[in-house]
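# Coordinates in review
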Amino acid sequence: LDLRNKQNYFFISNIYETEQYLFFNVEYGLKAYSGIFFKKKGSCKISDSCLVNRTGFINDIDDFIPLHFSSVNNTNELVGFCIPGEIEKWKKENMTKISARERLRDLEVHEDDNPVVIIAKLK
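Just so it is clear, the model here is predicted, and its values are computed rather than measured.

All right, on to the overall build of the chain then. In terms of helices and strands, the chain carries 1 helix and 8 strands. The order of α-helices and β-strands along the chain, N terminus first, is β-β-β-β-β-β-β-α-β. Within the chain, the proportion of its 123 residues that are buried is 31%. Taking the contacts inside the chain whose residues are at least 6 apart along the sequence as the reference set, 30% of them involve residues at least 24 apart.

Another aspect to go through is the pattern of salt bridges. Under the defined criterion, the tally for this structure stands at 1 salt bridge. Two residues, Glu17 and Lys39, come together in a salt bridge whose shortest N-O distance is 2.5 Å. With Glu17 in strand S1 (residues 11–17) and Lys39 in the loop between strand S3 (31–38) and strand S4 (43–46), this residue pair connects regions lying 22 residues apart in the sequence. Take Lys39: its relative accessible area is 30%, and that puts it in the partly exposed class.

Let us look at the packing of aromatic side chains. A complete count under the given rule lists 6 aromatic pairs for this structure. By the ring-pair criterion, three or more aromatic residues cluster together here, those being Tyr16, Tyr21, Phe23, Phe38 and Phe69. Sitting over the face of the ring of Phe38, Lys41 holds its NZ or CZ atom 5.5 Å from the ring centroid.

Another aspect to go through is helix H1 (residues 84–94). Here H1 has its buried residues at Pro84, Glu86, Ile87, Glu88, Trp90, Lys91 and Asn94. Turning to H1, the residues buried within the fold contact strand S6 (64–72), strand S7 (77–82) and strand S8 (116–121).

In this section: unusual backbone geometry. Trans is the prevailing form of peptide bonds, just as negative phi is the prevailing case for residues other than glycine. A positive phi angle, near 50°, is found at Asn14, a position not held by glycine. Among the structural elements, Asn14 can be located in strand S1. Judged by its relative accessible area of 41%, Asn14 is partly exposed. One non-glycine residue, Asn76, lies in the positive phi region at around 60°. One can find Asn76 in the loop between S6 and S7. Residue classification places Asn76 among the partly exposed positions, given a relative accessible area of 24%.

Rules behind the numbers
Residues numbered from 1 in each chain as written. Predicted model: local features only at pLDDT ≥ 70, side-chain atom pairs only at ≥ 80, totals over all residues. Heavy atoms only, no water. Helix = DSSP H or I, 4+ residues; strand = E, 2+ residues; numbered from the N terminus. Buried < 20%, exposed > 50% of the residue type's maximum accessible area, 1.4 Å probe, protein only. Contact = heavy atoms within 4.5 Å. Salt bridge = Lys/Arg side-chain N within 4 Å of Asp/Glu carboxyl O. Phe/Tyr/Trp six-rings, centres within 6.5 Å; stacked < 30°, edge-to-face > 60°. Lys NZ or Arg CZ within 6 Å of the ring centre and 35° of its normal.

Below you can see the structure in the form of structure tokens.
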């Protein structure tokens, strides 16, 4: 490959597999995206979101910040992280939407904190 023209090629990386899914990153046109391949359906979804030096999945139910996936464990859980500065910004913009009983309201994060690890059970 002529990598001087890298933007002309698709590069797939960070592939994680479970019984039902394949999670992966795709680079094309000098932008990075995240994808899920649904094995049973034989279909694939690629994220609309393109983030600088990171990819992630956006929670389209309540527009929570991107989850940047890191691995899948043997108990069918997706392990990833969220950037504290993104959580802090989201909380400021959405505090009126967060009910008083949600644990997220009490989550104290600051921009210079370590990433927040998220473990999501896959269904």
